[in-house]
Every structure is written in C-alpha cells, then in structure tokens.
Amino acid sequence: MPPKKRLSEAETTQRVLDAATRLVQRDGLVLDLRLRMEEVIEHAGVARAAVYRRWPSRDALAVDVLRHVATVVEPPTVGPEVLADVVTRAARRRSDRGDRVALAGSMLGEAAAVEVELLFSSPEWRTYLLLVAAVDALPDAGTREVIAEVLVDSEARRRERLIAAYRLLAEELALQVVGSVGLDTLVRTATSLIRGSVTQAWRVAPREGAARAAADVRAAMPALVSIHLAPDPDRDLPADWAASLRTKVGSLAQ
C-alpha cells in the first residue's frame, strides 16, 4: 500500500475544517460545539499530529470551525432553472394579460414556495439559522465579531441577488415600485416571511410543515407584492414577456 501523501499545513487546515463542518451539519450546531477531535481527524483523513500542532485543544478548533461554518454555509436559493419553470407555468395559466401585479405576485409566490421546500430539507439552512440565532451568545468577543461580520456579508450578497431578480421581474412585466421604499424593502419583507414560515412550521408541524409553510407563502406573497409594486402607466405588458423573462433569468446565476 503506497504511503499517504504528506499534506501541507494549508491542505490539512482545509480538510479538517470541511470535515468538521460536515459533522456540524450532520449533528446540529450547539453553542459549545462539542467536537470530537478524533472523529474530525478520521473524517478529514489527515495526520493526527498535524491536527494537534495546528489546534492544541478542542476549543481552539471549535473557534475556527465556527468561523468556517459562517463563511461557507449559506441558505439555498431558487436557481435560474426553477425560475424559468415558474415563468413557463405562469404563462400557461394566464390568458388575461391585464393584471400585471397579480401575475408578479403569483410567480414570486411559486418561487417562494419552492424556496420553502429547499430550506425545510436543508441541513445547511438549519446550521445557518442556528448560527444567526446564537451569534450574540458566543462567549468569545473576537469570534462573535468575526462571525457577525461574515453573516452580514452573506446576507448582503443574498439580498443583492434577490434584488436583481425582483428588478428583472418588474422590468419585464412593466411594473414600478410604489413610493420611495425601493425593492430592498420588498426583498427584506419577503425573506422574513419565508424564513418565519419555515421556522414556525418546524416548531408546530414538523411532519407536514413544508407543505403548510409553502402554502402560507404562496398565499401571502401576492398581497405583499401588491403593496410594493404597481403597473407602470407609461408601459404595456410586452406580448413576449414570458420568453424574454425565461431568457434573462439565466443571467442571474452569473
């Protein structure tokens, strides 16, 4: 049997942090993060001595793992393929092109329902949610500040992606934002609705929760959209809106 390749310190670090993150997602996140060093080493496939040189104690490893989890774990989001399918189904259902706001609300409701299902089945999302909820209670101030900063950046990236998607939908359906609040407010409110529905369903109805939460957001999103978007009086809904929107959602992944 050939000898194992000697790993650099950077390779060892990456393997250990990735392995520990997988274990956190498997077992759940708790504040004291009681990692079992030997199990992490086994899952990482690295030399025991190298790990203990890098992290002399379990607590030292736990701090770096929390930072790594905050960096690499993000909630899943609906991809361009799903969005294109939502557009196709919406176009098939609607022959009346008059109510643009209802059309936007229906599509965003369908996309939100898919996101609920993704979140409900995602270990990454559960880990992320627990980390967000627990960051203020972390005992080490330095770790707390680092993780809080990483989470703020993560939320900002996600928000910008969603604003781009909502802006594209509004432009293609000839809609405009009501008042001066902007799409950021709609995105933040929609995010709160989706995450709140998922969290509530976990607590109240863990078995049928995904279907219930999906139904809730599907019903609520049209009303939310109607508060923030209105038809642009200077534009009509283009006849090719569905084909144009399907083509352009692919750019959201870039």
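Residue positions are counted from 1 within each chain, in the order its sequence is given. In keeping with the model being predicted, local features are shown solely for residues with a pLDDT of at least 70 and side-chain atom pairs are shown and tallied solely at 80 or more, while totals for entire chains, interfaces and linings include all residues. By convention in this description, side-chain values take in all heavy atoms of the structure and omit both hydrogens and water.

**Q** Would you explain helix α9 (residues 183–204) in this entry?
**A** Structural remark: α-helix, 3.6 residues per turn; residues separated by three or four positions point the same way. Between the first and last C-alpha of α9 there are 31 Å, a value that for 22 residues agrees with the 32 Å anticipated at 1.5 Å per step. Listed in full, the buried residues belonging to α9 are Leu183, Thr185, Leu186, Val187, Ala190, Thr191, Ile194, Arg195, Ser197, Val198, Thr199 and Ala201. Helix numbering and strand numbering both begin at the N terminus, where a helix is a DSSP run of H or I of at least 4 residues and a strand a DSSP run of E of at least 2. Expected span, for any helix, means 1.5 Å times one less than how many residues it has. In this scheme, a residue with accessible area under 20% of its type's maximum is buried, one over 50% is exposed, and one in between is partly exposed, where area comes from a 1.4 Å probe on protein chains only.

**Q** Any chance you could explain the environment of Thr21 here in plain terms?
**A** Topologically, Thr21 is positioned in helix α1 (residues 9–27). Relative accessible area serves as the criterion here: at 5%, Thr21 is assigned to the buried category. When neighbours within four sequence positions are excluded, Thr21 is seen to be in contact with His68, Val69, Val72 and Val73. Only heavy atoms enter the contact rule, under which two residues are in contact if any of them lie within 4.5 Å.

**Q** Whenever I open this one, the packing of helix α5 (residues 80–93) against helix α11 (residues 241–249) confuses me. Can you help?
**A** The angle between the axes and the distance between the axes are what describe a pair of packed helices. Where α5 meets α11, the closest approach of the two axes is 9 Å, and the angle between their N-to-C directions is 175°. Taken together, the axis directions place α5 and α11 in an arrangement best described as roughly antiparallel. Within the contact between the two elements, α5 uses Pro80, Leu83, Ala84, Val87, Thr88, Ala90 and Ala91 and α11 uses Trp241, Ala242, Leu245, Arg246 and Val249. Three classes are used: nonpolar for Ala, Val, Leu, Ile, Met, Phe, Trp, Tyr, Cys and Pro, charged for Asp, Glu, Lys and Arg, and polar for all others, with Gly counted as polar. In terms of residue class, the contact of α5 with α11 is built from 10 nonpolar, 1 polar and 1 charged. For helices, the fitted axis covers only the stretch in contact; all axes are lines through C-alpha atoms, and the angles between them, taken along N-to-C directions, range from 0 to 180 degrees. When describing relative orientation, an angle under 35 degrees is termed roughly parallel and one over 145 degrees roughly antiparallel, while 65 to 115 degrees is termed roughly perpendicular and anything else oblique.

**Q** What am I meant to see in the nonpolar core here?
**A** Note that soluble globular proteins tend to have their nonpolar side chains buried in a common cluster. Side-chain atoms within 4.5 Å link the members of a nonpolar core, which is a set of buried Ala, Val, Leu, Ile, Met, Phe, Trp, Tyr and Cys residues. Ranked by internal contacts, the top residues of the largest apolar core, which has 71 residues, are Met107, Tyr166, Leu173 and Trp241. A per-element tally of this core places helix α6 (residues 100–120) first, with 11 residues. If near-sequence neighbours (up to four positions away) are discounted, Tyr166 is found in contact with Leu108, Leu183, Leu186, Val187, Ala190 and Met221.

**Q** Could you clarify how one ought to interpret a negative patch on the surface in this entry?
**A** Nonpolar side chains (Val, Leu, Ile, Met, Phe, Trp, Tyr) within 5 Å and like charges within 9 Å form the patches, drawn only from residues with over 30% relative accessible area and no salt bridge. Using a 1.4 Å probe, accessible areas were evaluated by the Shrake-Rupley method; residue-level cover was limited to the displayed protein chains. One speaks of a salt bridge when a side-chain nitrogen belonging to Lys or Arg is within 4 Å of a carboxyl oxygen belonging to Asp or Glu. Under the counting rule used here, the positive set is Lys and Arg, the negative set is Asp and Glu, and His together with the chain ends is not counted. Here the site of a charge means atom NZ of a Lys, CZ of an Arg, CG of an Asp or CD of a Glu. Residues Asp140, Glu145, Glu149 and Asp153 make up a contiguous surface patch of negative charge. Tracing the chain through its elements places Asp140 in the loop between α7 (123–134) and α8 (141–172).

**Q** Help me understand the packing of α8 against α9, please; the structure alone is not making it clear to me.
**A** In the contact formed by α8 and α9, the axes pass within 9 Å of each other and the chain directions differ by 110°. Our classification of the angle between α8 and α9 gives roughly perpendicular. In terms of crossing hand, the pair formed by α8 and α9 is right-handed. Note on element contacts: α9 touches α8 through Leu183, Asp184, Leu186, Val187, Arg188, Ala190, Thr191 and Arg195, opposite Glu155, Arg158, Arg159, Leu162, Ile163, Tyr166 and Arg167. A per-class count over the contact of α8 with α9 returns 7 nonpolar, 1 polar and 7 charged. Crossings are assigned a handedness: left-handed for a near helix turned anticlockwise from the far helix by less than a right angle, right-handed for a clockwise turn.

Bear in mind that shape data such as this cannot, by itself, settle questions of function.
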